[in-house]
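# Notes for the structure review
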Amino acid sequence: TGPYRDRPAFDTVGQALSGILGLAVDPEAPRMVGTTISDNVTGMYACYGIMAALIERGRTGKGRRVTVNMMEASAAFMPDAFLN
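Residues numbered from 1 in each chain as written. Predicted model: local features only at pLDDT ≥ 70, side-chain atom pairs only at ≥ 80, totals over all residues. Heavy atoms only, no water.

Model confidence for the protein is summarised by a mean pLDDT of 88, while 95% of its residues fall at 70 or above. When pLDDT is averaged over each helix and strand of the protein, the minimum, 63, is found for helix α5 (residues 80–83) and the maximum, 96, for helix α3 (residues 37–60). (pLDDT = per-residue confidence, 0-100. Helix = DSSP H or I, 4+ residues; strand = E, 2+ residues; numbered from the N terminus.)

By secondary structure assignment, the location of Thr42 is in helix α3. For Thr42, a relative accessible area of 9% translates into the label buried. Once residues within four sequence positions are removed from consideration, Thr42 is found in contact with Val68, Met70 and Ala73. (Buried < 20%, exposed > 50% of the residue type's maximum accessible area, 1.4 Å probe, protein only. Contact = heavy atoms within 4.5 Å.)

Next up on the list: helix α4 (residues 70–77). Looking only at α4, the buried set comprises Met70, Ala73, Ser74 and Ala75. A side-chain oxygen of the first residue of α4 lies 2.9 Å from the backbone nitrogen of Met71; this N-cap is Asn69. (Polar contact = N/O pair within 3.5 Å; in protein donor to acceptor, adjacent residues only side chain to side chain.)

Okay, the packing of helix α1 (residues 11–18) against α3 next. For the pair α1 and α3, interaxial distance at closest approach is 7 Å and the crossing angle is 90°. Viewed along their axes, α1 and α3 adopt a mutual orientation that is roughly perpendicular. Residues Asp11, Gly14 and Gln15 of α1 pack against Ile37, Ser38 and Asp39 of α3. When its residues are assigned to classes, the contact of α1 with α3 shows one nonpolar, three polar and two charged. (Axes fitted to C-alpha atoms, helices over the stretch in contact; angles between N-to-C directions. Parallel < 35°, antiparallel > 145°, perpendicular 65-115°, else oblique. Nonpolar A, V, L, I, M, F, W, Y, C, P; charged D, E, K, R; others polar.)

With respect to the secondary-structure elements, Thr36 resides in the loop between α2 (20–24) and α3. Not counting chain neighbours up to four residues away, the residues in contact with Thr36 comprise Asp11 and Gln15.

Turning our attention to the packing of aromatic side chains. Under the counting rule described, the total for this entry stands at one aromatic pair. With a centroid separation of 6.1 Å and an interplanar angle of 70°, the aromatic rings of Tyr45 and Tyr48 are classed as edge-to-face. Residue Tyr45 and its partner Tyr48 are both found in helix α3; the two are separated by three residues, about one turn of the helix. Using a relative accessible area of 28% as the deciding quantity, one classes Tyr45 as partly exposed. (Phe/Tyr/Trp six-rings, centres within 6.5 Å; stacked < 30°, edge-to-face > 60°.)

Structural data, given as structure tokens:
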């Protein structure tokens, strides 16, 4: 529902918008290295949401829509010290 909803989501974009990329890349020689953190953490949070929705469905019989946001998932995954 946000302003970037129609834009493609790639791991590098999620890392850049959340600030993770700024912690891992040398500004003098910027190049993407390392693991696909944003892709993996977004999948992890999606899994948590799906599991919670399945538990709720088992208890109430009602379904639930699960949405995830790559930038927000990546920012939520970073330790507080880095965010500050």
